[in-house]
Amino acid sequence: QALLVESGGGLVQAGGSLRLSCTASDRTFSRYGMGWFRRAPGKEREFVASINRIGDSWEYQESVEGRFTISRDAAKNTLYLQMNKLTPEDTAVYYCAASAQSDLFTRSREEDFGFWGQGTQVTVSS
């Protein structure tokens, strides 16, 4: 089982940037597609971005396309989410998730991710 720990959240002004990190303790990190989800106040958790297990394919929610970049570092067992041009609408708890997969497709459904971190708070002020 993968243990995922997020970090990098915080308070930032609109237009600013943050980089979230998710470190996986599982030895087979490269076997997992990875994703970021978020839950904003009063809303259900939603998909943000995902990357396949080798890092050559990715998928983004339309609202973050062009602003966020998902990446992974196999040597560090770490997933990243670079967030630029943040807006108050990006305020949410961000969750890292892992999906065991043998193929190279990206995934965006919560049910496809079996391992979840505890989340890190991102607050964007106007």
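Residues numbered from 1 in each chain as written. Predicted model: local features only at pLDDT ≥ 70, side-chain atom pairs only at ≥ 80, totals over all residues. Heavy atoms only, no water.

**Some remarks on the overall build of the protein chain**
- Within the protein chain one finds 0 helices and 11 strands.
- Ordered by position from the N terminus, the helices and strands of the protein chain form the series β-β-β-β-β-β-β-β-β-β-β.
- Taking 2.2 N^0.38 as the reference for a compact globule, 126 residues should give roughly 14 Å; the C-alpha atoms of the protein chain span a radius of gyration of 13 Å, in line with that estimate.
- Its C-alpha atoms give the protein chain principal-axis dimensions of roughly 40 × 25 × 25 Å.
- Taken over 126 residues, the protein chain has a buried fraction of 44%.
- Taking the contacts inside the protein chain whose residues are at least 6 apart along the sequence as the reference set, 61% of them involve residues at least 24 apart.
- Distance from the positive charge centre (14 side chains) to the negative charge centre (15 side chains) of the protein chain: 5 Å. (Helix = DSSP H or I, 4+ residues; strand = E, 2+ residues; numbered from the N terminus. Rg over C-alpha atoms; globule rule 2.2 N^0.38 Å. Buried < 20%, exposed > 50% of the residue type's maximum accessible area, 1.4 Å probe, protein only. Contact = heavy atoms within 4.5 Å. Lys, Arg positive; Asp, Glu negative; His and termini not counted. Charge placed at Lys NZ, Arg CZ, Asp CG, Glu CD.)

**With respect to the sheet that holds strand β7 (residues 68–73)**
- With antiparallel pairing, the 4 strands of this open sheet are ordered in space as β1-β3-β8-β7. If you trace the sheet from one side to the other, it starts and ends with β1 (4–7) and β7, each paired once. Averaged over all pairs of adjacent strands, the angle between strand axes in this sheet comes to 15°, irrespective of strand direction. (Pairing = 2+ DSSP bridges. Axes fitted to C-alpha atoms, helices over the stretch in contact; angles between N-to-C directions.)

**Quick look at the nonpolar core**
- Met34, Trp36, Phe68, Leu81, Met83 and Tyr94 are the most contacted members of the largest nonpolar core, which has 29 residues in total.
- Counting only elements with at least two residues in this core, the list comes to β3 (18–24), β4 (32–39), β5 (46–51), β7, β8 (78–83), β9 (92–100) and β11 (120–125). (Core = buried A, V, L, I, M, F, W, Y, C linked by side-chain atoms within 4.5 Å.)

**Let's talk about the environment of phenylalanine 115**
- Secondary-structure assignment places phenylalanine 115 in strand β10 (residues 115–116).
- Taking the C-alpha atoms as reference, phenylalanine 115 lies 10 Å from glycine 35; in sequence the two are 80 residues apart.
- Here phenylalanine 115 is in contact with Gln1, Ala2, Leu4, Tyr32, Cys96, Ala97 and Ala98, once residues within four sequence places are set aside.

**Thoughts on the pairing of β3**
- Among the 7 residues of β3, 5 are classified as buried, and the element is accordingly described as predominantly covered.
- In this sheet, β3 lies alongside β1 in antiparallel orientation, the contact comprising 4 bridges. Note on β3: the bridge partner recorded for serine 7 is serine 21.
- Inspection of the sheet shows β3 paired to β8 by 6 bridges, in the antiparallel sense. Paired with threonine 23 across the strands is threonine 78, a residue of β8.

These figures come from the coordinates and say nothing about function on their own.
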